[in-house]
Amino acid sequence: MADVIDVEGVRKRYGDKVALDGLDLRVGSGTVHALLGPNGAGKSTTVRVLTTLLRPDSGRVSVAGYDVLTQADRVRTRIGLLGQHAALDEELGGRQNLEMFGRLFHLGARRARARADELLARFGLTDTGDKQVKRYSGGMRRRLDLAASLIIEPEVLFLDEPTTGLDPRSRTEVWSSVHSLVGGGTTVLLTTQYLEEADQLADQISVVDRGRVIADGTADELKARTGGDRIDVVLRDASQLAAAVALVPLAADDVTVDADRRRFSAPVADRMGALTQVVRALESAGIEAEDIAVRRPTLDEVFLRLTGRSEEASEQDAARAREAV
Amino acid sequence: MSAVSTTSTRESGGGVAFALSDSWTMTRRELAHWGRQPVQVAVGVVFPVMILLMFGYLIGGGRNVGGDYIDYLVPGILALTMAFGLESTVIAVTQDLNKGVIDRFRSMPMTNGAVLVGRSAADMLQSAVSLAVMIGVGYAIGWRAHTSAGGFLGAVGLLLLFRFAMLWIGIYLALLAGKPELVQAVQILVWPVGFLSNAIASPESMPDWLGTVVQWNPMSQTATAVRDLFGSVGGESGHVLAAVLWPVALFALFFPLALRRFARLSH
């Protein structure tokens, strides 16, 4: 199957700041692909290039089989965009917004109206359809924004940090909407700063840093490369930390100990198995634990593994580069 | 890369029918904004009325314009209102550019520039309404047009033509500046340009050099021609051609500049 998104060696600079530094990306049809990286890594710039909003300085970019530079209009009739900030007319009502976008997709007045009603119903906004968007809550606004990006049932849907700034409930809503879309065969490219989100939604993940892709793979592959899941154990008594670490049958070379918080953390391969083992080992040694949790590695840990720099340091790099402009 | 830099904009849209329907959709959007913000619209209409009354009764009272001052002033203020429309255009376009919705428009297969055409159509409508109100107020304070229906319509046409040229200058300036902070600079600039004209005072009452500047101001051409067509004080024949050519030339310059600038938002 041909790639729905095909990006080769794309570069874009703003003055001195290199936003994209030879980025390559291929996304297969019907898959959900995540671009994972810290602020300033080039995720949004990539989305803007792919959605015809921004011209790269060089490189080749095709979306849905069309070149974004020379066939922008063909691309535009096949994509939906949920940007980082709400792309809605705040003064108008929700229904007015969707109708307007429908007309601009040349559905004609009647179909635009029908489509607006349909989408309002689907996203639970029928009752608030006439309210001005500026009076919407953050979650409602995001749902309307998502509805607006689905007017034409796009072949490729771009979601730029779709859940940033949302409360947990709205986040779950957006996630379930994305899940249901994928069932319909839409290819999705999403950007995120959260490994958990990429893990939840994406089949494939590309880790982006300083304008290039530094690692590719499924969530499991990446986790394997970056040390996989981790177990965090908090003890009642900090003086028992060393004894506990010695007891626990884990890959001891990558255990971090934080005495102030009475906590140690270690990578695990088998989530459930490790949990049971740790609980049993501590119990039999009579060491009391306050909290034991298995979790995904954070983006910071992934970054540390892949780049040797923490995510924070990488963001600082990006901020410095921005200031230099 | 530079060889393909304008291709995407040329490809946008699918012919005249789409261009028209997209522009109409964008005009409807502006009209829907009016429905949501009636107070703001009313303030926009009332402001020039206040200027008219202020000059008519407070400031300009004793001016020597070679006839009745109100008779001289009303067509002048009509022209001034058209010039000041530039300011509201700049504000509206700048606000739009800094909203996320413009990204959605630009990622959709709509005609390049339909956003701008919609803005200009709505602004023209607003100006027509504003003109009608101003002329009504003019009549209420004793101004009369001493002319035929044709002359009257011709005068209104010249005023709207002038507004149309100002509008596209405004769109271009807004696209050029882009930032709300720069709107203020434009707002301040509009005043000397507006008042360095014969709208309020006759150039004959000014120092020679200033009078010359004022007479060359395209707005003075419009004001003089409009006074001529209305049969008002200060009208001189022979200015109608200039009052047509100036706005047409300004439009011919700034319309393509604005479209090009809009397409270059992707750079």
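Residues numbered from 1 in each chain as written. Chains lettered and ligands numbered in written order. Predicted model: local features only at pLDDT ≥ 70, side-chain atom pairs only at ≥ 80, totals over all residues. Heavy atoms only, no water.

As recorded in an unreviewed UniProt entry, chain A goes by ATP-binding cassette domain-containing protein and comes from Streptomyces pyxinicus. Per its UniProt entry, chain A bears the Sequence similarities (unreviewed entry) comment "Belongs to the ABC transporter superfamily. Drug exporter-1 (DrugE1) (TC 3.A.1.105) family." (UniProt positions renumbered as here; feature names shortened; annotations may be inferred.)

Participant: Please explain the pairing of strand β1 (residues 3-14) of chain A as it appears in this structure.
Facilitator: Along any regular strand the residues' side chains alternate between the sheet's two faces. Residues and elements named next belong to chain A. For β1 and strand β2 (residues 17-28), the ladder comprises 9 bridges, and the chain directions are antiparallel. Looking at the pairing, D6 lines up with R26 of β2. In the sheet, β1 pairs with strand β4 (residues 58-63) via 5 bridges, with the strands oriented antiparallel. Bridging from a neighbouring strand, D6 pairs with S62 of β4. (Pairing = 2+ DSSP bridges. Helix = DSSP H or I, 4+ residues; strand = E, 2+ residues; numbered from the N terminus.)

Participant: Explanation requested: the confidence of the model for chain A in the structure shown.
Facilitator: Detailed reading of the predicted coordinates is not advisable wherever pLDDT is low. Mean pLDDT for chain A: 87, with 92% of residues reaching 70 or above. Mean pLDDT across the elements of chain A bottoms out in helix α12 (residues 311-324) of chain A (62) and peaks in helix α3 (residues 94-104) of chain A (97). (pLDDT = per-residue confidence, 0-100.)

Participant: Hey, could you run me through the interface of chain B and chain A in this one?
Facilitator: Where the parts come together, the accessible area they lose is often given as the size of the interface. On the side of chain A, 40 residues touch chain B, which itself brings 32 residues to the contact. Contact between chain B and chain A buries roughly 3300 Å² in total, counting both sides, with carbon and sulfur atoms accounting for 56%. On inspection of chain B and its partner chain A, the count reaches 3 salt bridges. Ionic pairing is found between D145 of chain A and R104 of chain B, a salt bridge with its closest N-O pair at 2.6 Å. Seen at the junction of chain B and chain A, the total is 13 residue pairs in polar contact (both at pLDDT 80 or more). Taken together, the elements giving at least two residues each to the side of chain B that touches chain A come down to α1 (7-11), α2 (15-36) and α5 (101-106) of chain B. Among the elements that line the side of chain B that touches chain A, the one with the most residues is α2 of chain B, at 10 residues. (Contact = heavy atoms within 4.5 Å. Buried area = accessible area lost by both parts, 1.4 Å probe. Salt bridge = Lys/Arg side-chain N within 4 Å of Asp/Glu carboxyl O. Polar contact = N/O pair within 3.5 Å; in protein donor to acceptor, adjacent residues only side chain to side chain.)

Participant: Explain the layout of surface pockets here, please?
Facilitator: Using a probe with the size of a water molecule, rolled over the atoms, empty space left in the structure can be pinpointed. All names here are of chain B. Estimates place the volume of the largest pocket at around 1000 Å³. Lining the largest pocket are 33 residues, and of these Q40, G44, S88, A92 and Q126 lie nearest its centre. Of all the elements in the fold, those that place two or more residues in the lining of the largest pocket are α2, α3 (38-59), α4 (69-97) and α6 (114-140). At 12 residues, the largest contribution of residues to the lining of the largest pocket is made by α4. (1 Å grid on protein atoms, 1.4 Å probe; cavity = no way out; pocket = protein on both sides within 12 Å on 5 of 7 lines; lining within 4 Å. Points joined across faces, edges and corners; volume = space filled by probe spheres on them.)

Participant: Is there a simple way to explain the sheet that holds strand β6 (residues 79-82) of chain A in this structure?
Facilitator: Hydrogen bonds between backbone atoms are what pair the strands of a sheet, whose relative direction is either parallel or antiparallel. Residues and elements named next belong to chain A. One open sheet holds the 6 strands; their spatial order is β6-β7-β8-β3-β9-β10, and the pairing between them is mixed. Looking at which strands have only one partner, the edges of the open sheet turn out to be β6 and β10 (212-217). The average angle at which neighbouring strand axes cross in this sheet is 15 degrees, direction not considered. The sheet contact formed by strand β7 (residues 156-160) and strand β8 (residues 187-192) spans 5 bridges and is parallel. Its bridge partner lying in β8, D160 is registered against T191. (Axes fitted to C-alpha atoms, helices over the stretch in contact; angles between N-to-C directions.)

Participant: Looking at this model, I keep getting lost on the sheet that holds β1 of chain A. Mind explaining?
Facilitator: All names here are of chain A. Pairing within the open sheet is antiparallel, and its 4 strands lie in the order β2-β1-β4-β5. Each having just a single partner strand, β2 and β5 (66-67) make up the two edges of the open sheet. Taken together, the 2 bridges between β4 and β5 define a ladder with antiparallel strand orientation. Within the sheet, the bridge partner assigned to S62 lies in β5 and is D67. Across the sheet, helix α1 (residues 43-50) is in contact with β1, β2 and β4; its angle to β2 comes to roughly 65 degrees.

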